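Chain by chain, the residues:
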Amino acid sequence: MTTTRPLSNILSGVVGGLIVLVIGAILIATNVIDTGDTKTVVRQVSTTQATGDTSGSAGRTVRQIYEQEGKGVAFITADGVSSDSTSPFGLPQQGTATGSGFVVDKDGYIVTNAHVVEGANRVTVSFSENGESVPAEVKGVDRSTDVAVLKVDPSKFKDVTTIPLGDSSKAQVGDPVIAIGNPFGLSRTVTTGIVSGLQRQIQAPNGFTISNVIQTDAAINPGNSGGPLLDANGRVIGINSQIQTGGGQGSVGIGFAVPINTVKDELSKLKTGASVDRAYLGVQMQRVDSQLAKDLNLPVDHGALIVSVTPNSPAAKAGLRAGRTGTSQGVTAGGDLIVAVDGQDMKNEDSVATAIAAHKPGDKVDITYYRGNDKKTTTVTLDKRPANADTSGSGSGGGGGGGGIIP
């Protein structure tokens, strides 16, 4: 699991969201960064031929994609963002955030990250160089996936492109990708790279885990938050959301994008302002592999080891237990080891999270697990996910050492 840190710490080299935060101005004055509109290509390739789903096409050039789909990338300014002590992004009490977004239909709906606009008292959007900024309404926010949907009057803009949504499940490691956004306020900047990894996990603003995240080496930086990660045919496969800085002030080639399939599942609700209710189990889990199984003398070498159970959660009510013994590996040992959900084998903690996410609050699921060497099954009635995850480690088990996915 990749740990998300407060955005204010990005400049000290930790992972964080990718909005640019300023006080009283769009950008922090550096006397280095040109604050004007730019169309910088950081890295360019002649064509973007993908190995994944290309729908019969050999791919388009970066220039072609930039000139067409780039017209649908928005520059978002959020005024008056306020701090939420429960948010891992740690936004300041008052200020202005700038980020990115993209148009998803002709009615003027724009998708961005929740952390770009959360807490803002005024949001505006612009598209073209020196273009007019118009007010945007925040229609819906899902902090569990770090996704927000804005609405603008489409008649206010000319020559704005709707960017097609792709299928993130078809992405493969090594596929070429393109990121378009507004890093450090440099509007409509394009960078290129590849899909570096799949099925990563990052922390959402409310402390829950976002699964099936796409890792890329395309250069993305503060200000890219909410912008599209595009495939070789200009289709959105992810929303650029977080980076790992490795001690520097910007990208070191490790960026993370929320998969577009996650967005498509909730887009219709967010457009109407409806809440997205998610099923909740109430555990933190640790991935089990052959080495950990050997170290802890576990009965199998796969599954999800429970390291923390939230009090009064569905898991707690069903009798699932967390570990109580810290180990030199940094894992809380002795917890139940989940190996199946509704009869389907679970490879790891991500599999469990995906299985729970496929259900609705109120659904009953059968959890099969090992307690020591005894294999057991219990029926859990899933609840509605709370506003924020309990990441304090105060649940059963006395700590979340080594904890990962929180479904």
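Sequence order as written defines the numbering, with residues in each chain counted from 1. For this predicted model, a pLDDT threshold of at least 70 governs which residues receive local features, and a threshold of 80 or more governs which side-chain atom pairs are given and counted, while totals over whole chains, interfaces and linings are taken from all residues. The basis for every side-chain value is the complete set of heavy atoms in the structure, and neither hydrogens nor water enter the calculation.

Now, about the overall build of the protein: what can you tell me, with residues and values included?
Labels follow the DSSP assignment, with helices taken as runs of H or I lasting at least four residues and strands as runs of E lasting at least two, numbered in each case from the N terminus. Of the regular secondary structure elements, the protein holds six helices and 25 strands. With 407 residues in all, the protein has 54% of them scored as buried. Relative to all contacts within the protein whose residues are 6 or more apart in sequence, the contacts with residues 24 or more apart total 67%. Think of it in three bands: residues with accessible area under 20% of the maximum for their type are buried, residues over 50% are exposed, and the middle band is partly exposed, with areas taken using a 1.4 Å probe on protein chains only. Contacts are assigned to residue pairs that have any heavy atoms within 4.5 Å of one another.

Pulling in residues and values, what's your account of the packing of aromatic side chains?
The geometry of an aromatic ring pair is captured by two quantities: the separation of the ring centres and the angle between the planes. For Phe, Tyr and Trp, where Trp contributes only its six-membered ring, two rings pair if their centres lie within 6.5 Å, and the inter-plane angle classes them as stacked under 30 degrees, edge-to-face over 60, or tilted in between. The full count for this structure, using the stated rule, is two aromatic pairs. Measuring from centroid to centroid gives 4.7 Å for Phe127 and Phe157, while their planes differ by 80 degrees, and the two rings are edge-to-face. Taken together, the residues Phe127 in the loop between strand 6 (122-126) and strand 7 (134-135) and Phe157 in the loop between strand 9 (147-151) and strand 10 (176-181) connect sequence positions 30 residues apart. The class of Phe157 is buried, set by a relative accessible area of 15%. Of note, Lys151 hangs over the ring of Tyr109, and the distance from its end group to the ring centre comes to 5.5 Å. Only lysine NZ and arginine CZ atoms are considered, and such an atom sits over a ring when it is within 6 Å of the ring centre and within 35 degrees of the ring normal.

Describe unusual backbone geometry, naming the residues involved and giving the relevant values.
Even without a glycine there, the phi angle at Asp146 is positive, about 60 degrees. Following the sequence through the fold, Asp146 ends up in the loop between strand 8 (137-142) and strand 9. The backbone of Asn312 shows a phi angle near 65 degrees, a positive value even though the residue is not glycine. In this structure, Asn312 sits in the loop between strand 18 (304-309) and helix 5 (314-317).

I'd like a rundown of the pattern of salt bridges, residues and numbers included.
Any Lys or Arg side-chain nitrogen located within 4 Å of an Asp or Glu carboxyl oxygen qualifies as a salt bridge. By the definition in use, this model includes 14 salt bridges. With a closest N to O distance of 3.3 Å, Asp79 and Arg122 form a salt bridge. Of this pair, Asp79 sits in strand 3 (residues 73-79) while Arg122 sits in strand 6; the two residues are 43 residues apart in sequence, bridging distant segments of the chain. Residue classification places Arg122 among the partly exposed residues on the basis of a relative accessible area of 47%. Salt-bridge contacts for Glu349 lead to Arg287; the nearest nitrogen and oxygen are separated by 3.0 Å. With Glu349 in helix 6 (residues 349-357) and Arg287 in strand 17 (residues 283-287), this pair connects stretches of sequence that are 62 residues apart. Here Arg287 falls in the partly exposed class, since its relative accessible area comes to 36%. In the salt-bridge network here, residues are joined through shared partners; they are Asp142, Glu266 and Arg278.

Could you give me a rundown of helix 3 (residues 260-272), with the residues and numbers involved?
Each residue after the first adds 1.5 Å to the expected span of a helix. Taking 1.5 Å of rise per residue, the 13 residues of helix 3 would be expected to cover 18 Å, and the 19 Å separating its terminal C-alpha atoms lies within 8% of that figure. The angle between axes fitted to the seven residues ending at a residue and the seven residues starting there is what we call the bend at that residue. At Glu266, helix 3 is deflected by roughly 50 degrees, the largest bend along its length. Along helix 3, the residues classified as buried are Ile260, Val263, Glu266, Leu267 and Leu270. Buried-residue contacts for helix 3 involve strand 4 (96-103), strand 5 (109-112), strand 8, strand 9, strand 14 (236-243) and strand 15 (255-259).

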